[in-house]
Amino acid sequence: MGHDFIPARRRILTAAAGTAVLGTGRFVRAQANDFKIGFFIALSGPASLFGPTQRACADLAAEKINKAGGVMGRPVKLIFTDAGGAPAETAKSAVRLMLEDKVDLFIGSHDSATREANIATIKAKTPYIYSPVYEGGECSPNVYCLGETPPQQAQPATEFLAKEKGAKTFYLIGDDYVWPRKSNEQIKKYVAQYGGKVVGEEYVPFGAPNKFEEAVTRIKGAKPDAVIATLVGADNVNFNRAFAGFGLDKSIARVSMLLEENTLMGVGAESSANLYSCMGYFANSPSEVGKAFKAEYLAKYGAKAPQLATIGADCYSALNLAKAMFDKAGSADAKKLTAASEGLAFDTASAHVTMRGRQVDKDMYLASCKGTEFEVFKTIKAVKSGTACKV
Amino acid sequence: MEPVLVAQALNALFGIASLAIVALGLAVVLGLLGVLNLAHGELVMVGAYCAWVAQQNGWPYLTAVPLALVVCGILGYAVERWLVRPLYQRPFDTLVVTWGLSLLLRKCAEAIFGLGYKSLSEPIGGTVDVLGATYPRFRLVLIGVSAVVLGGLVLWYAKSRTGTRIKAMAGNPDLARALGIPVARYASATFIVGTCLAGLAGVLIAPLVPVQPFMGLDHVLMSFFVLVVGGLGSVGGLLTGSAVIGGTNSVVSALSDSTGGYFAVLALAIVFLWLRPRGIHART
């Protein structure tokens, strides 16, 4: 989540709750030979909505890896640590994981602010895999990114609207922080390329109690053919509900850039007509790899399994990357790992992928919303990440 | 008139009405009992979950109203009796206690319903034409219901004997007690009215927002601003506060963007705290 599901204001309020959970992984007594992974997921705060899925997916991957002989022959031990509080708190946990638990690797599925705090703390001493969809451009040493970047989402989304929906005019609305702004830079480039025109661009304050009546009315006045939303979490839900409430859903197509299964549940069936999403993972991904992953997941956790979504599935992908990368490098040395990562083939939760420049070229999926379910109707193979870090 | 202008005017009205109905319970409890109930937003959330439960079970939407009133009423009674009553006249302690309560309620909601977003379908869907502008019907209903609830409360408070006694209690509890007014019972009742109004607000806004354990935080913040600007202890203050905060937010949002609207609200709140800390309609 380059997308901060936990606005700062809430962080303060949830900090206390967060500290209480910080110790969760501490009682996992690891053996000396274990390959220890400090695994940052959201156990507290609003993003802990994803916590159960993150944990379940990570456990599934660890179980598979251990059956296959572990990482570099050592059994994997996951130390789940809360990243749902303030970034500084998470960074403190990172210090503890390095000094006391002496972890071999960090994996993080959390927002970008926390990633930056962690990177500043870890200082490349321990490898760090950052897994969720994010704004791109992260090239700190010994950091490996798995998530979709703006170019990967923007190109297929804009092309779809311009070519298949015949959109000439576009309206962009997003939360006011790095990911939406970076995404919109890309989108504007592609809109121009397809001969379209951006008739409006606006941002709402991130983490504020936003309401969207005014924005929706403004959009109605601007009469665009299509709207591209880079809103996250509750803002995304509120916007899409207001949009449909004002009856604009019938005439204007919407692509929402961070619309996953949980958010769509919030948007609801009556507000999801003519709404599309473009991501690297959907629970309904039609690929063979995606289907196999889902089947394994459901076999392990049954019908009451936590909802599969991109945040969560990324944890599974991250562990697959860890195994492939460490096994190939045969060492935890930063230079060897970085070298091993280049051209490294591994499986995410939805596809066979290759790591280049410490980023991943991904298969992207275009999905339309049918009620509260996604229906993937198009797969775009191996879309470039647009970020190439030094290797 | 331009349809866009009409729609934006209705948006401002809707902003004011939804803010007033959410802030009402908070204003009652803070204005009359001097208790800043930080769990107010969570009670709104409880009301919203009541609406969701009603809709999940296929009950008519109106059944959510008594359900929310009963649940929030019982909660209000228990909270006043065992948490707030021992702490009257100790504002900081009530602040801490209600903050703890808000965490507890949020965790309870999480335990019962999970963290996922719940969506309700609008009980009165579709749009209507108002002077050429297409406006969602349910939002118009919300404006109407808020006006009725607020108006009813104003009339009752001004005209009824109970209202007079509550005024006496709020003005000088010791003197009221000496006059034979059962202050403890009135305080309890006032608190319950406050929590019930929160629950009612939850039922009203539930179809428009994602229902989730953290939703209370979003709604309570603006309510505090309303009280800062409007002042405590009168419905007039609440209305003025809602009109100033909600109206400014809507108008500036419509003219520029949401960032401008939010900035204007924050700036207003600061100016008021600085120059007029007791608000526009301070009770003397």
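The structure presented is a predicted model; accordingly, all values stated were derived computationally and were not measured. (Residues numbered from 1 in each chain as written. Chains lettered and ligands numbered in written order. Predicted model: local features only at pLDDT ≥ 70, side-chain atom pairs only at ≥ 80, totals over all residues.)

Undergrad: An account of the overall build of chain B is needed here, citing residue identities and associated values.
TA: The number of helices and strands found in chain B is eleven helices and two strands. Ordering the α and β elements of chain B from the N terminus gives α-α-α-α-β-β-α-α-α-α-α-α-α. Dimensions of chain B along its principal axes, counting C-alpha atoms only, are 60 × 45 × 35 Å. Here chain B, with 284 residues, has 51% of them falling under the buried criterion. Long-range contacts, defined as pairs at least 24 residues apart, comprise 75% of the intrachain contacts of chain B with a sequence gap of at least 6. (Helix = DSSP H or I, 4+ residues; strand = E, 2+ residues; numbered from the N terminus. Buried ≥ 20, exposed ≤ 12 C-beta atoms within 10 Å, placed from the backbone. Contact = placed C-beta atoms within 7 Å.)

Undergrad: I'd like to hear about the overall build of chain A, residue by residue, with values.
TA: Along the backbone of chain A there are twelve helices and 14 strands. By the compact-globule yardstick of 21 Å for 391 residues, chain A fits well, its C-alpha radius of gyration being 20 Å. Principal axes of the C-alpha set define a box for chain A whose edges measure 65 × 45 × 40 Å. Taking all contacts inside chain A whose residues are at least 6 apart in sequence as the whole, residues at least 24 apart take part in 74%. (Rg over C-alpha atoms; globule rule 2.2 N^0.38 Å.)

Undergrad: Kindly report on the pairing of strand 12 (residues 352-356) of chain A, identifying the contributing residues and their values.
TA: Residue and element names in this part refer to chain A. Of the two faces of strand 12, the one lined by V353 and M355 is fully buried and the one lined by H352, T354 and R356 carries no buried residue. Inspection of the sheet shows strand 11 (residues 344-347) paired to strand 12 by four bridges, in the antiparallel sense. Along strand 12, the bridge assignment pairs A345 with T354. If you look at the hairpin formed by strand 11 and strand 12, you'll find four residues sitting between the two strands. Sheet topology note: the strand 12/strand 13 (residues 359-370) ladder contains three bridges and is antiparallel. Counted as the bridge partner of M355 is V360 from strand 13. Connecting strand 12 to the antiparallel partner strand 13 that follows it, the hairpin turn spans two residues, and G357 within it adopts a positive phi of roughly 60°. (Pairing = 2+ DSSP bridges.)

Undergrad: Hey, could you go over the sheet that holds strand 3 (residues 105-108) of chain A for me, with residue numbers and the actual values?
TA: All names here are of chain A. Spatially, 2-1-3-4-5 is the arrangement adopted by the five strands of the open sheet, whose pairing is parallel. Taken across any chain shown, the strands that pair with only one partner, and hence form the sheet edges, are strand 2 (76-82) and strand 5 (143-145). Taken pair by pair, the neighbouring strands of this sheet meet at an average axis angle of 20°, ignoring direction. When strand 1 (residues 35-41) meets strand 2, the two strands line up parallel, connected through seven bridges. When the bridges of strand 2 are listed, K36 appears paired with K77. (Axes fitted to C-alpha atoms, helices over the stretch in contact; angles between N-to-C directions.)

Undergrad: Could you give an account of helix 4 (residues 91-113) of chain B, naming the residues involved and the relevant values?
TA: Residues and elements named next belong to chain B. Look at helix 4: 32 Å from first C-alpha to last across 23 residues, which is about the 33 Å you get at 1.5 Å a residue. Regarding helix 4, the residues found buried are T94, V97, T98, S102, L105, R106 and A109. Tucked into the core, helix 4 has its buried residues touching helix 2 (40-56), helix 3 (64-84) and helix 9 (215-230). (Expected span 1.5 Å × (residues − 1).)

Undergrad: Please give an account of the interface of chain B and chain A that cites residues and values.
TA: Contact with chain B, which involves 31 residues of that partner, is made by 34 residues of chain A. Counting residues per element, the ones that place at least two in the side of chain B that touches chain A are helix 1 (3-33), strand 2 (133-136), helix 9, helix 10 (235-255) and helix 11 (258-275) of chain B. Top contributing element to the side of chain B that touches chain A by residue count: helix 1 of chain B, with six residues.

Undergrad: Go over helix 12 (residues 334-341) of chain A, please, and point to the residues and values.
TA: All names here are of chain A. Along helix 12, the residues classified as buried are L337, T338, A340 and S341. For helix 12, the angular spread of the buried residues around the axis is 160°, confining them to a single face. Looking at the buried positions of helix 12, the neighbouring elements they touch are strand 5, helix 11 (310-329), strand 11 and strand 12. In the segment just after helix 12, G343 is the residue with positive phi, at about 75°. (Arc of directions from axis to C-beta.)

Undergrad: I'd like a description of the domain arrangement of chain A, backed by residues and values.
TA: Residue and element names in this part refer to chain A. By the assigned domains, chain A splits into domain 1 (8-148 + 288-362) and domain 2 (150-279). On a C-alpha basis, the centres of domain 1 and domain 2 stand 30 Å from each other. In this complex, domain 1 contributes 15 residues to the contact, which on the side of domain 2 involves twelve residues. Only helix 1 (8-22) and helix 11 provide two or more residues apiece to the side of domain 1 that touches domain 2. Of the residues contributing to the side of domain 1 that touches domain 2, the split by class is seven nonpolar, four polar and four charged. (Domains from an automatic or database assignment. Nonpolar A, V, L, I, M, F, W, Y, C, P; charged D, E, K, R; others polar.)

Undergrad: Residues and numbers for the pairing of strand 3 of chain A, please.
TA: Residues and elements named next belong to chain A. Side chains L105 and I107 project from strand 3 onto one buried face, and the interleaved F106 and G108 project onto a second face that is buried too. Where strand 3 meets strand 4 (residues 128-130), three bridges bridge the pair, whose relative direction is parallel. Along strand 4, the bridge assignment pairs F106 with Y128. Regarding topology, helix 4 (residues 112-122) serves as the crossover connection from strand 3 to the parallel strand 4, and that connection is right-handed. (Right-handed = clockwise from strand over helix to strand, strands pointing away.)

Undergrad: Summarise the environment of D176 of chain A; cite the residues concerned and give the values.
TA: Secondary-structure assignment places D176 of chain A in the loop between strand 6 (169-175) and helix 6 (178-193). Under the C-beta neighbour-count criterion, D176 of chain A is labelled partly exposed, with 17 such atoms within 10 Å. On a C-alpha basis, the gap between D176 of chain A and A192 of chain A in space is 23 Å, while along the polypeptide they are 16 residues apart. Every residue in contact with D176 of chain A, bar those within four places of it in the chain, is listed here: Y203, V204, P205 and F206 of chain A together with T259 of chain B.

Undergrad: Can you tell me about the packing of helix 1 of chain B against helix 5 (residues 137-159) of chain B, naming the residues and giving the values?
TA: How two helices sit against one another is set out by the angle between their axes and by the gap between those axes. Residues and elements named next belong to chain B. Between helix 1 and helix 5, the shortest axis-to-axis distance is 9 Å and the interhelical angle comes to 45°. With respect to helix 5, the axis of helix 1 lies oblique. Where helix 1 crosses over helix 5, the two elements pack in a sense that is left-handed. On helix 5, the residues that touch L13, F14, A17, S18, A20, I21 and L24 of helix 1 are R139, L142, I143, S146, A147, V149 and L150. (Parallel < 35°, antiparallel > 145°, perpendicular 65-115°, else oblique. Left-handed = near helix turned anticlockwise from the far one by under 90°.)

Undergrad: Can you tell me about unusual backbone geometry, naming the residues and giving the values?
TA: Residues and elements named next belong to chain A. Here the phi dihedral of M72 falls at roughly 50°; this positive angle occurs in a residue that is not glycine. Note on M72: 15 C-beta atoms within 10 Å, which makes it partly exposed. The phi dihedral of K123 falls on the positive side, at around 50°, and the residue is not glycine. Here K123 lies in the loop between helix 4 and strand 4.

Undergrad: Residue-level account of the confidence of the model for chain B, with values.
TA: Taken residue by residue, chain B gives an average pLDDT of 91. The fraction at 70 or more is 99%. Under the prediction, the complex receives an ipTM of 0.90, its pTM being 0.88. (pLDDT = per-residue confidence, 0-100.)

Undergrad: Which residues make up the packing of helix 2 of chain B against helix 4 of chain B, and what values do they have?
TA: All names here are of chain B. Packing of helix 2 against helix 4 brings their axes to within 9 Å, and their N-to-C directions diverge by 25°. Relative to helix 4, the element helix 2 lies roughly parallel. For the crossing formed where helix 2 meets helix 4, the hand is left-handed. On helix 4, the residues that touch G41, E42, M45, V46 and Y49 of helix 2 are S102, L105, R106, A109 and F113. When its residues are assigned to classes, the contact of helix 2 with helix 4 shows six nonpolar, two polar and two charged.

Undergrad: Pulling in residues and values, what's your account of the confidence of the model for chain A?
TA: Put simply, chain A has an average pLDDT of 89, and 92% of its residues get 70 or more. The model gives residues 4-27 of chain A a pLDDT under 50, and that stretch makes 55 contacts with residues more than four places away or in other chains.

Undergrad: Could you give an account of the environment of R358 of chain A, naming the residues involved and the relevant values?
TA: All names here are of chain A. Examined against the element boundaries, R358 turns out to sit in the loop between strand 12 and strand 13. C-beta crowding within 10 Å serves as the criterion here: with 27 such atoms nearby, R358 is assigned to the buried category. If near-sequence neighbours (up to four positions away) are discounted, R358 is found in contact with C139, V143, Y144, C145, S341, C389 and V391.

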